[in-house]
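What follows is the residue order along each chain.
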Amino acid sequence: MKKNIILTSLLLLLHATSALAENWESLVNDGKHYYGIGVGKNEEEATTIALNNMNNMIAVNVESRYNEQIREVNENGQISHISWVESCVKSYSASKLRNIHKEDPVYQGDEVTVRVWMLRSEMEKVYAERIAQAKSLVKMADENLQELHLDNALQFYYWAYALIRTLERPSEVLDERGQLLLYTLPQKIRDVLGGVKVSFDRRDGDRVQLLFTYQDKPISSLRFNYHDGNGHCFGSGVCGGYGIMEMVPGSNPDSYDIDLEYEYKDMTMDDAVLSSVFAATGRKPFPTALRKVKAQRTSESEMALKTIEDNLGLKPTAAQQPANQQPYVQVMEQVIEAIRSRNYLMVINHFTSNGLFRYNQLIKYGNGRVIGTPSISFFNSHDHHVVARGLKMSFAFKRGTKTTFVEDVVFTFDKDCRIDNVTFGLGQQASDDILCKHPSWKNETKEMLTEFLENYKTAYCLKDLAYINNVFADDATIIVGHVAWRKAPSNMGDTDRRLSVKGRQIITENRYTKDQYLKHLRRCFDRNEFINIHFTRSDIEWLYKFEKEELFGIQLGQEYNSSTYADKGFLFLLVDMTDHNSPQIKVRTWQPNEIDIKNVYHSGYFYDR
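Rules of the game
Residues numbered from 1 in each chain as written. Predicted model: local features only at pLDDT ≥ 70, side-chain atom pairs only at ≥ 80, totals over all residues. Heavy atoms only, no water. Buried < 20%, exposed > 50% of the residue type's maximum accessible area, 1.4 Å probe, protein only. Helix = DSSP H or I, 4+ residues; strand = E, 2+ residues; numbered from the N terminus. Contact = heavy atoms within 4.5 Å. Axes fitted to C-alpha atoms, helices over the stretch in contact; angles between N-to-C directions. Parallel < 35°, antiparallel > 145°, perpendicular 65-115°, else oblique. Left-handed = near helix turned anticlockwise from the far one by under 90°. Nonpolar A, V, L, I, M, F, W, Y, C, P; charged D, E, K, R; others polar. Phe/Tyr/Trp six-rings, centres within 6.5 Å; stacked < 30°, edge-to-face > 60°. Lys NZ or Arg CZ within 6 Å of the ring centre and 35° of its normal. Expected span 1.5 Å × (residues − 1). Pairing = 2+ DSSP bridges. pLDDT = per-residue confidence, 0-100.

Quick look at helix α12 (residues 428-435) now. Note that an α-helix has 3.6 residues per turn; residues three or four places apart therefore point the same way. Regarding α12, the residues found buried are A430, S431, D433, I434 and L435. As for α12, its buried residues are in contact with β15 (377-380), β16 (386-397), α13 (443-461) and β22 (531-542).

Quick look at the packing of helix α5 (residues 121-146) against helix α6 (residues 150-164) now. Put simply, α5 and α6 touch, their axes get as near as 8 Å, and they point 160° apart. It follows that α5 is roughly antiparallel to α6 by the angle criterion. As for the relative orientation of α5 and α6, their crossing is left-handed in sense. For the pair α5 and α6, contact is made by R130, Q133, A134, L137, V138, M140, A141, D142, N144 and L145 and by L150, N152, A153, F156, Y157, W159, A160, L163 and I164, respectively.

Quick look at the packing of α5 against helix α7 (residues 181-195) now. Running from N to C, α5 and α7 cross one another at 30°; their axes reach a closest spacing of 13 Å. Judged by the inter-axis angle, α5 sits roughly parallel to α7. The crossing of α5 and α7 is left-handed. Together, K135, V138, D142 and L145 of α5 and L181, L185, K188 and V192 of α7 make up the contact between the two elements. Looking at the contact of α5 with α7, its residues break down into five nonpolar, no polar and three charged.

Enumeration according to the criterion identifies 29 aromatic pairs in this entry. Pairing Y328 with F378 gives two aromatic rings, centres 6.2 Å apart and planes at 40°, and the pair type is tilted. Linking Y328 in helix α10 (residues 326-341) with F378 in strand β15, this pair joins segments that are 50 residues apart in sequence. Classification of Y328 as buried rests on a relative accessible area of 12%. Residue classification places F378 among the buried positions, given a relative accessible area of 3%. Here Y344 and Y359 contribute two aromatic rings whose centre-to-centre distance is 6.4 Å and whose plane-to-plane angle is 75°, an arrangement assigned as edge-to-face. Here the residue Y344 occupies a position in the loop between α10 and α11 (353-364), and Y359 occupies one in helix α11, the gap between them amounting to 15 residues. Given a relative accessible area of 0%, Y359 falls into the buried group. Above the face of the F286 ring, K284 is positioned so that its terminal group lies 5.9 Å from the ring centre. One residue, R389, lies across the ring of F379, its end atom 5.7 Å from the ring centre.

The end-to-end C-alpha separation of α10 is 23 Å, in line with the 22 Å expected for 16 residues at 1.5 Å each. Elements in contact with the buried residues of α10: α11, β14 (369-370), β15, β16, β17 (403-413) and β18 (419-424). After α10 finishes, the residue R342 shows a positive phi value of roughly 65°.

Note: β15 against β16, four bridges, orientation antiparallel. Bridge pairing in β16 links S377 to R389. Following β15, the chain reverses through five residues before pairing antiparallel with β16; D383 in that reversal takes a positive phi of roughly 55°.

Of all residues in the protein chain, 80% attain a pLDDT of 70 or more, and the chain-wide mean is 80. The spread of mean pLDDT over the elements of the protein chain runs between strand β20 (residues 498-499), the lowest at 31, and β18, the highest at 96. Between residues 483-507, whose pLDDT stays under 50, and residues either more than four places distant or in other chains, the model counts 69 contacts.

Phi at R342 takes a positive value of approximately 65°, unusual for a residue other than glycine. Tracing the sequence through the fold places R342 in the loop between α10 and α11. Judged by its relative accessible area of 35%, R342 falls in the partly exposed class. Despite not being glycine, K463 has its phi angle at roughly 60°, a positive value. Mapped onto the secondary structure, K463 falls in the loop between α13 and α14 (465-471).

Right, here's the structure in full:
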């Protein structure tokens, strides 16, 4: 069924030809073309059969050449554990090929005959583009590993490895040092997975708290699967070194089975190439991803906990801290106790009406619980407000596939020491990028930007359409990009398409008005049990040339998860913060993670800098 759908979609890519170039016999015998003949009851059926026959010819040719290549590689003794032929043939048979020519149909009685063909050199272009895509992914994986973004590093290494596994001549693909990628990529994946340390911290009822470190540092973001005593569960909750498992009642094993995520298959659903590759190759097992964690504290647990606590929270400078922190400390201690004991009403007198509304939203989001020993830091903000950062909470969702997140939770106090807002934090890296950089900026400015992004993130997680409606300017430019196949050249040309580094894909742009975007979000919110957003990095530019306005260009690495969809990409926001109490988003764009970083949107796309 899937094959028929793919073949039918190829109809859109055909070049109609009124007569065969030269003659059919010459084309069949010149050795330069792939071709197919189809006979059916109508043109569409005949075309589908012709395309299927051409694909079979491609598969036979690839298999013949591939068998020779496999023998050569196996003789070198470097790889002997994968059936390359089957993977390659399935993957390329499912690919959407370009520049396919089609003869005008010939009608004879109740039958229609269609002939299709393409140059064999077109397949070489497909191979070259797949190699370029794999090398680009390896480069991004290396960069992410240097910054200890393990989830991104593992994802890109594995995706590159999956692509390499389907190439016709895998032994010709070398990295920058001349090493065989087919050999080095699985080794890199094994090394990263093997370097992850997982240990037991504590169990509170049905909730188990684990500790994750890598190279003596807490892991900021990593997904894992686990067995909850009833079945396998998806756990996406490693944050700041903590990961949470929600066990079924009564399950009390001596050890827990952990499976570190490296495939990230759910994030390939919008990528036709990777989807076909994953379907063809199947999951490559890596034993170093599997862990059996004893249900008891060990010396390794103590070391991991010390590592996490030593790196816990932001460290405000003396100028960023309020002179007298004690009133805020007392309130936060009571709030933490209220959440731990689930006696939420005991602290409502510490909230303003707006703060209480946010607080109630938060405690309804995924059965939130405090984790670890909070290390709270206090920051001065604008208008004599104070912000408390450092509380980590877990949030579990149990409908469908069980999912758990760990989030930083931020509390904002007004000048009367009452909590006026509760938000999800940006994560330590993104917060550090704002609060600890830009030495010439005022602390109030950096705090204001951080709070804006925290409010933005929280509005999507808590499905707050009212806030989103208020924060977007009525004339905002809203672009949602997605990866799509590049079609055969048309009369319009490709001038309006932004090419990604993947080569055979382009970034198409869906532009929304504010009303259209809000309707889109409403549908998205309605169909998802949960939405979670994680920012991995940030880069902020202050457009100083606009003297009467405070305009900021904000680039963010964004990881999006929901109960129906997941992706990673780059978020760009152009924000007018002239009115500190009412920021306005002028431009909002999103681009996939695989795009070349040099082509990521920035302020210069929309304003001369």
